[in-house]
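Next come the chains, spelled out residue by residue.
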Amino acid sequence: MRPSFFHHLHPPTIPAAQARWRYTLGAGGTAIFLMLVLGVTGILEMFYYVPNPQDAALSVQTITYHVPFGGFVRNLHYWSAQLLLIVSAVHLLRVVFTAAYSHPRRFNYLLGLGLFVLAILLDFTGYILRWDSGICYPLVTGTNLIKTIPLIGNFLFRIAIGGGEACSTALIRFYTWHIFGITIAAVILMVWHAFRVRRDGGIAIPPPALRADNTRISRNELVRREVLAILVVGIILILMSTFLPAPIAPAMTDKPAVTENARAPWFFLWVQEMLKWGDSFIFGVLIPLGILAILALIPYVLPKPAGGDIGRWFPKSNRLAQIVVGVIALIVIALTFAMFIS
Amino acid sequence: MMKKTIPFASGLLLLALALVWWMDSKQPRPVELIPTLTGQPEYCITCHADLPEISASHPVKTLGCVICHGGERLALDADLAHSTMRSGANPSDLSVVEQSCGGSNCHSGSEAENRNHIQRVMTSIQSTYAGAIANIRYTFGAQTDLNAYFGIQAVTDEQTATGITSLSAFEPANETNPFIRKFGEQCLNCHINAVPREGEAFARQTGCAACHSPQASADSKVHTFTTAIPYTQCNACHNRGNYDLRAMTFVERTDHPTSRIQDYYQPIAQFTKCEYTLDCIDCHTREEAMGDGDIHASKKDIQYIQCKTCHGTPAELPLTKTLTDPNDIAFTLAFLNPVVDLKLGDTILVTEKGEPLWNTRVLPVGTYEMIGKATRQKFAFRPVKGSSCTQTGADQSSAYCHECHSVER
């Protein structure tokens, strides 16, 4: 069979052991598929979404209830975005727990981390675009966090939000960030990230001398597995979007009240829980950025994993990185639950 | 086996898409309404097509639903659509009435004073309860006179004709006398914005709907607005029992009257035939019931209709007016409750304050006719003048009429 364009996007062969589901978890590929779904459904939503403060929430209601299959498309967009965060986190954990970030993939690990941050920002800005009475707490709190940064806080705030009050004038900024600014950066990083996978020698694997198993699978088989993954994820997305409607709330009234029991979106609940502890800058900005810095430094600061350990689950020479990332993940999950049940 | 996985998964995906299509086809088709007044589409009648139009003066094609009720006009999910409705199903509750019913084209802020129903109702004794509060505070020593200082809610009246420019909100918790506190806790359920007592006999809504949406029972709220208010609706507050000032509790009537005459008033009251035959609104005017825009300190300051309003005195005939102005308020009132076909040139009775008794007319033979506002029943009646009544001219309040004309139960 002559390889098609899609086959050509893949290397001719890849190592069988590292092409297994139980190794990759399909997380990276699924993330790319979800980003494609997000792009397509996002474009469909743009046909009806009106980015001005008076009409935004009503246009979301129009999409949800009156555009043919509009509610379904919106649900697809919503659930793809939520799954993207989960799948990206799984991808990150897999890469750390299999020492796959090790040289020469250290830079691509940073690109991936950048993509993860962009995915979170995309989710947050998209959430704000609902512009209904449910978004005001996260908008005010989130943007006020920017202001707490010493010296440059107000400057960054103006870049992110524009002038005026968050709940009245920031919509067009968030719209542009969501649809152009962050999306273009994410597309560039995504292509770069995928390119670097091949440039760095394909999927992480021990050097030839240390390989236990030299069997490889063809790109045909790889594409077949990817198509299967796409079908499975597609079915899950369709079912979720059919039975679990995306959140929606009444349109904002003149002066939206920031109520006591307002909730951040689920992926920021852990930050909201920490904000109860005290200083907004420390708990809302420094600690999250510190965690990001720790994650970024892992390939550069921690001991280099042994060559033979690369591409295996939980190798010994990589224990410290596993513990650091594992503890961070557990703390974030615990804080999220603490806020969720409070 | 391996080769069939992809076609199998593809089949499942198609099946899932078919499910999406099937679920979508089962959704009710949205029914759009674009009221001419707002020009903004709303979809309430997708579910509420069976609701009758609330009144001829509030046509749904003109007003729609949202302008009065609020709510999310585009949402087809019941919870979201209803989430921002004003005061549940009753937008006339006084807490939201200004947003729901107000505006200079509607019922507040109009240059024509008799359209400012909201201001009149907010300041009326029926919603301020100022008389009862003043009496109780005076009786238990919290104030030294019977002037009104407090109402259920704080109100102001800048163009006062009674001298009372404002009332503060009555806060029972601020009172030191335990009786007044108990009064505040137990006796404030009669003003029109109070949640009514439990029980069929007390069934009514709040705000404008307390009177204008007569309901058959506690569970049968009706989507009706009317000025043809039957006496039964007035009875939901009036005539259902009495207050015991020693225990500061409301004592409900224990009898269950089955006839109109038994239903009328409490056993101690004296009354005449027309008082239990007519409906309350046949005699009592809108200013008496809804207020005249001024803050009053007591019911006796606003309620003024007497027997003589319609019957006159031995010396004088009742006041009459021949309708010559097509914009006379009498025509508006007759239009809202078309029980009579009022025409220019008709002569009707008017009250001492000039309010038209638009459901009456002077017959050519010198007698009078009244048409029941709620029953459309016709009643013929005569003036006192020329009758055998020997009451002196100074003793013409209704109490004196009751001396001879009261009915035995």
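About the thresholds
- Residues numbered from 1 in each chain as written.
- Chains lettered and ligands numbered in written order.
- Predicted model: local features only at pLDDT ≥ 70, side-chain atom pairs only at ≥ 80, totals over all residues.
- Heavy atoms only, no water.
- 1 Å grid on protein atoms, 1.4 Å probe; cavity = no way out; pocket = protein on both sides within 12 Å on 5 of 7 lines; lining within 4 Å.
- Points joined across faces, edges and corners; volume = space filled by probe spheres on them.
- Nonpolar A, V, L, I, M, F, W, Y, C, P; charged D, E, K, R; others polar.
- Domains from an automatic or database assignment.
- Patch = residues over 30% accessible without salt bridge, like charges linked within 9 Å, V, L, I, M, F, W, Y side chains within 5 Å.
- Areas by Shrake-Rupley, 256 points an atom, 1.4 Å probe, with all protein chains shown as cover.
- Salt bridge = Lys/Arg side-chain N within 4 Å of Asp/Glu carboxyl O.
- Helix = DSSP H or I, 4+ residues; strand = E, 2+ residues; numbered from the N terminus.
- Buried < 20%, exposed > 50% of the residue type's maximum accessible area, 1.4 Å probe, protein only.
- Pairing = 2+ DSSP bridges.
- Contact = heavy atoms within 4.5 Å.
- Buried area = accessible area lost by both parts, 1.4 Å probe.
- Polar contact = N/O pair within 3.5 Å; in protein donor to acceptor, adjacent residues only side chain to side chain.
- Arc of directions from axis to C-beta.

**Student:** When you look at empty space enclosed by the protein in this model, what are you seeing that I'm missing?
**Tutor:** Over the atoms rolls a probe the size of a water molecule, and in doing so it shows where empty space is left. All names here are of chain B. For the structure shown, the criterion picks out one cavity of 30 Å³ or more. Computed from the structure, the largest cavity encloses a volume of approximately 50 Å³. Lining of the largest cavity is provided by Asn189, Cys190, Pro196, Arg197, Phe202, Arg204, Ala236, Cys237 and Phe250. Here the residues of the lining of the largest cavity sort into six nonpolar, one polar and two charged.

**Student:** Whenever I open this one, the domain arrangement of chain B confuses me. Can you help?
**Tutor:** In many reports, interface size means the accessible area that the parts give up when they come together. In terms of domains, chain B is made up of domain 1 (23-85), domain 2 (117-290) and domain 3 (304-407). Distance between the C-alpha centres of domain 1 of chain B and domain 2 of chain B: 34 Å.

**Student:** It is not clear to me how a nonpolar patch on the surface should be interpreted in this structure. Could you clarify?
**Tutor:** All names here are of chain A. A contiguous nonpolar patch, built from Phe107, Phe180, Ile184, Ile188, Trp192, Phe195, Leu297, Tyr300 and Val301 and spanning about 880 Å² of accessible area, is present on the exposed surface. For the nonpolar patch, the secondary-structure elements that each account for two or more residues are α10 (171-199) and α13 (280-301). At five residues, α10 tops the list of elements feeding residues into the nonpolar patch. Since its relative accessible area comes to 38%, Tyr300 is described here as partly exposed.

**Student:** Any chance you could explain the sheet that holds strand β8 (residues 356-357) of chain B here in plain terms?
**Tutor:** Sheets are built from strands paired through backbone hydrogen bonds, the pairs being either parallel or antiparallel. Residues and elements named next belong to chain B. Spatial ordering of the open sheet is given by β6-β7-β8, a layout of three strands whose pairing is antiparallel. Two strands lie at the open edges of the sheet, namely β6 (320-322) and β8, each paired on one side alone. Bridge analysis of β6 against strand β7 (residues 347-350) gives three bridges, and the strand direction is antiparallel. Bridging from a neighbouring strand, Thr322 pairs with Thr347 of β7.

**Student:** Looking at this structure, how should I read helix α4 (residues 56-65) of chain A?
**Tutor:** By the criterion of burial, α4 of chain A is predominantly enclosed, with nine of the ten residues buried. Burial in α4 of chain A covers these residues: Ala56, Ala57, Leu58, Ser59, Val60, Gln61, Ile63, Thr64 and Tyr65 of chain A.

**Student:** Would you explain the interface of chain A and chain B in this entry?
**Tutor:** Taken together, the contacts link 22 residues of chain A with 25 residues of chain B. Carbon and sulfur atoms make up 79% of the area that chain A and chain B hide from each other, which totals about 2100 Å². Area buried by chain A at its contact with chain B is led by Tyr65, His66 and Phe69 of chain A, which between them contribute 27% of it. The tally of links between chain A and chain B comes to zero salt bridges. Where chain A touches chain B, the interface holds four residue pairs in polar contact (both at pLDDT 80 or more). The element contributing the most residues to the side of chain A that touches chain B is helix α11 (residues 219-243) of chain A, with eleven residues. In terms of residue class, the side of chain A that touches chain B is built from 15 nonpolar, five polar and two charged.

**Student:** Is there a simple way to explain unusual backbone geometry in this structure?
**Tutor:** Most peptide bonds take the trans form, and the phi angle of most residues other than glycine is negative. The linkage connecting His103 of chain A with the following residue, Pro104 of chain A, adopts the cis geometry, with an omega of 10°. Along the polypeptide, Pro104 of chain A turns up in the loop between α5 (70-97) and α6 (106-129). In this structure, Leu151 of chain A takes a positive phi of about 65° despite not being glycine. If you trace the backbone, Leu151 of chain A turns up in the loop between α7 (136-147) and α8 (153-161). At Ser87 of chain B, a residue that is not glycine, the phi angle is positive and equals roughly 50°. Along the chain, the position of Ser87 of chain B falls in the loop between α5 (78-83) and α6 (97-101).

**Student:** Explanation requested: the pattern of salt bridges in the structure shown.
**Tutor:** Pairing of side chains with opposite charge becomes possible as their charged atoms draw close. Counted by the stated rule, this structure contains 13 salt bridges over all chains. Across the salt bridge formed by Arg196 of chain A and Asp200 of chain A, the nearest N and O atoms sit 3.2 Å from each other. Of the residues examined, Arg196 of chain A reaches a relative accessible area of 19% and is grouped as buried. Look at Asp200 of chain A and you get buried, because its relative accessible area is 10%. Between Lys343 of chain B and Asp341 of chain B there is a salt bridge, with the nearest N and O atoms lying 3.0 Å from each other. By relative accessible area, Lys343 of chain B is classed as partly exposed at 47%. Counted as one network, the salt bridges with shared partners bring together Glu221, Arg224 and Arg225 of chain A.

**Student:** I would appreciate a short explanation of α8 of chain A in the present structure.
**Tutor:** All names here are of chain A. For α8, the full list of buried residues reads Gly153, Phe157 and Ile161. Buried residues of α8, seen end-on, are gathered within an arc of 40° and therefore sit on one face of the element. Of the exposed residues in α8, those oriented more than 90 degrees away from the buried face are Phe155 and Arg158. Immediately beyond the C-terminal end of α8, within one or two residues, lies Gly162, with a positive phi of roughly 85°.

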